[in-house]
Amino acid sequence: MNVPDELRYSSDHEWARIDGTRVRVGITDYAQDALGDVVFVSLPDVGAAVAAGAGIGEVESTKSVSDIYAPVSGTVVEVNADLVDAPERLNEDPYGEGWLCVIELGADEAVDELLDAEGYRTLIEG
Amino acid sequence: MTLRTSPLDAAHRALGAKMVPFGGWDMPLAYEAGTLAEHRACRAAAVAFDVSHLGTVRVTGADALDRLQAALTNDLDKIGPGRAQYTHLLDEADASVLDDIIVWWVDDERFDVMPNASNTERVVAALGDGAVDVTHERAIIAVQGPAARRLLHAIAPDAAAIGRFHVARFDWNGTECLVAGTGYTGEDGVELAVPAAVAGEVWAAVLGAGIQPAGLGARDTLRLEAGLPLHGHELGPGITPLQAGLGWVVSWDKGDFRGRAPLAAEKERGISRRLRALTVAGRRPPRADQPVLVDGVASGVVSSGNFSPVLEQGIALAFVPPEVAIGDVVTLDQRGSEVPATVVKPPFVAASPAEPLA
């Protein structure tokens, strides 16, 4: 499984690309592989306030439904609307074209709770 | 519980299949291509499924026909040796469908009865002495799709030529095998029952003929697009053939059969619910157990649902009040979102014309 070193990870299999106070979010390669072919994605609304660990959307494959949880707290400032008609991008390019949304970190919010790549590898290989 | 494995288990693992427990067996969910690609390959060309988890219950003897006629709903006198028939085994108390079955009538006094994996034991019990579970002796390879026969013709011409719902023996390098013109995808195709010892070489030859493997994920989306029932969803405890819209499987003029009296009583008073096919607006897959609202009132339930890879929208089978008719619009409650759904006549997707044999 591909686990890029530069990203941070939640134990719910989301990744977070941290760029200052902007955090781009998606699901991991491990998650997309476990889901199988993704056929439907629901995304949060731009402007929505989200709390780390709370549900922000759903991903459905031919075999199951999974909730997507916010890896950090803040405000949704961008969503990948292309996924609505092309959810297969989650399978094809989970760390690139398959990104889900961008969350602007709230004041005083930290990302310390997230795993680093090594920690996430240990989680999924454990 | 230890899962049973197919004679083709090693081949699936070598192909990188994702395995999944199903009916007590460890079977391929999908290969590397994935469920959607496997599904589309079956509609456009051909795929091969390992369906060795289906049971084979062999019923032999001079009284075999009479015993099956007394146990099952359909009338075997409508067919004869060398033919296959879809039929039901009912609960004698309430006419619930205990299993839906294909009977392969191999010879005058030999029937290979093919139950669903998890129902094999109850079918053996219902058919009594002389019914023997021979599931472990063979593999079943379903080759399905408009190009199935054309591609199979290169390696097993006799098997490729079998008629729809016909059954025959064919020779595989000196080993006797069986073929039936049956399947569960809505497409043309055949099912090969081959002794376990040669299963690996037949499977390899099928793939070598240009037929790609497909797993249970695609088998489920294909049967759903074809509007075909799955035991445990559209059939099972509390569900009769009449509720499932499968009245044609019941032969009322053949005499008594197990479950006839309670089924006749239901026919007389009228069914309380009926299976219908629904298409939903949008891609979101309906799921089993989601409520169906009719005129704003929750009065039905989805039995199976998924994304249709061909229509690229959600489709479902659902039990609804009998007055709900084709063309009506109902509402699905999909995890809290209310989505309109239209009642349609199945199949959702028509079969592709079969390609001629080479």
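### Here's the deal with the overall build of chain B
Then, in step 1: When helices and strands are tallied, chain B shows nine helices and 20 strands.
Then, in step 2: What you see for chain B is a C-alpha radius of gyration of 20 Å, in line with the 21 Å of a compact globule of 358 residues.
Then, in step 3: Structurally, chain B occupies a C-alpha span of about 65 × 45 × 45 Å along its principal axes.
Then, in step 4: Burial statistics for chain B: of 358 residues in total, 55% are counted as buried.
Then, in step 5: For chain B, the proportion of contacts with a sequence separation of at least 24, taken over those separated by at least 6, is 66%.
Then, in step 6: Carbon and sulfur atoms make up 52% of the accessible area of chain B, which amounts to about 13800 Å² in all.
Then, in step 7: Put simply, chain B has 31 plus and 44 minus side-chain charges, and the middle of one group is 4 Å from the middle of the other.

### Thoughts on the environment of B:Ala168
All names here are of chain B.
Then, in step 1: When you line up the elements, alanine 168 lands in strand S11 (residues 167-172).
Then, in step 2: The class of alanine 168 is partly exposed, set by a relative accessible area of 28%.
Then, in step 3: For the pair alanine 168 and tryptophan 104, spaced 64 residues apart in the sequence, the C-alpha separation amounts to 9.2 Å.
Then, in step 4: Apart from residues no more than four positions distant in its own chain, alanine 168 is found in contact with Ile162, Cys177, Leu178 and Val179.

### Side note on the nonpolar core
Residue and element names in this part refer to chain B.
Then, in step 1: One finds Phe49 and Trp104 to be the most contacted residues of the largest nonpolar core, which totals 41 residues.
Then, in step 2: Among the elements that line this core, the one with the most residues is strand S7 (residues 97-107), at four residues.
Then, in step 3: Counting residues in hydrophobic clusters, the runner-up holds 30 residues, among them Ala17, Ile162, Val179 and Ile211.

### Concerning the sheet that holds strand S19 (residues 329-334) of chain B
Within a beta sheet, neighbouring strands are joined by backbone hydrogen bonds and run either parallel or antiparallel to one another.
All names here are of chain B.
Then, in step 1: Read around the barrel, six strands follow the order S15-S18-S17-S16-S19-S20 and close on themselves; strand pairing throughout is antiparallel. When strand polarity is set aside, the average angle formed by the axes of neighbouring strands in this sheet is 40°.
Then, in step 2: In this structure, strand S16 (residues 291-294) lies alongside strand S17 (residues 297-308), joined through four bridges in antiparallel fashion. Residue valine 294 lies in a different strand from S17, and its bridge partner there is valine 297.
Then, in step 3: Contacts from helix H8 (residues 216-225) reach S17 and strand S18 (313-320) within the one sheet, and its direction differs from that of S17 by about 125°.

### Remarks on the environment of B:Val294
Residues and elements named next belong to chain B.
Then, in step 1: Along the chain, valine 294 turns up in strand S16.
Then, in step 2: For valine 294 and glycine 270, which are 24 residues apart along the polypeptide, the C-alpha to C-alpha distance reads 20 Å.
Then, in step 3: Setting aside chain neighbours within four positions, we find valine 294 in contact with Ser299, Pro321, Val324 and Val330.

### Here we look at the packing of aromatic side chains
Then, in step 1: Applying the stated criterion across every chain yields a total of five aromatic pairs over all chains.
Then, in step 2: With a centroid separation of 6.0 Å and an interplanar angle of 50°, the aromatic rings of A:Trp15 and A:Tyr95 are classed as tilted. Of the two residues, A:Trp15 sits in strand S2 (residues 14-19) while A:Tyr95 sits in the loop between helix H2 (89-92) and strand S9 (101-105), which places them 80 residues apart along the sequence. Accessibility classification places A:Trp15 together with A:Tyr95 in one group, the buried group.
Then, in step 3: Note on B:Tyr86 and B:Trp248: the rings are 5.8 Å apart at their centroids and 35° apart in plane angle, and the pair reads as tilted. Of this pair, B:Tyr86 sits in strand S6 (residues 83-90) while B:Trp248 sits in the loop between H8 and helix H9 (260-269), and the two are 162 residues apart along the sequence.
Then, in step 4: A residue is classified by how much of its surface remains accessible, and B:Trp248, at 53% relative accessible area, is exposed.
Then, in step 5: Taking the ring centre of A:Trp99 as reference, the NZ or CZ of A:Arg24 above it sits at 4.3 Å.
Then, in step 6: Residue placement shows B:Arg273 over the ring face of B:Phe319; its charged tip is 4.5 Å from the ring centre.

Basis of the calculations
Residues numbered from 1 in each chain as written. Chains lettered and ligands numbered in written order. Predicted model: local features only at pLDDT ≥ 70, side-chain atom pairs only at ≥ 80, totals over all residues. Heavy atoms only, no water. Helix = DSSP H or I, 4+ residues; strand = E, 2+ residues; numbered from the N terminus. Rg over C-alpha atoms; globule rule 2.2 N^0.38 Å. Buried < 20%, exposed > 50% of the residue type's maximum accessible area, 1.4 Å probe, protein only. Contact = heavy atoms within 4.5 Å. Areas by Shrake-Rupley, 256 points an atom, 1.4 Å probe, with all protein chains shown as cover. Lys, Arg positive; Asp, Glu negative; His and termini not counted. Charge placed at Lys NZ, Arg CZ, Asp CG, Glu CD. Core = buried A, V, L, I, M, F, W, Y, C linked by side-chain atoms within 4.5 Å. Pairing = 2+ DSSP bridges. Axes fitted to C-alpha atoms, helices over the stretch in contact; angles between N-to-C directions. Phe/Tyr/Trp six-rings, centres within 6.5 Å; stacked < 30°, edge-to-face > 60°. Lys NZ or Arg CZ within 6 Å of the ring centre and 35° of its normal.

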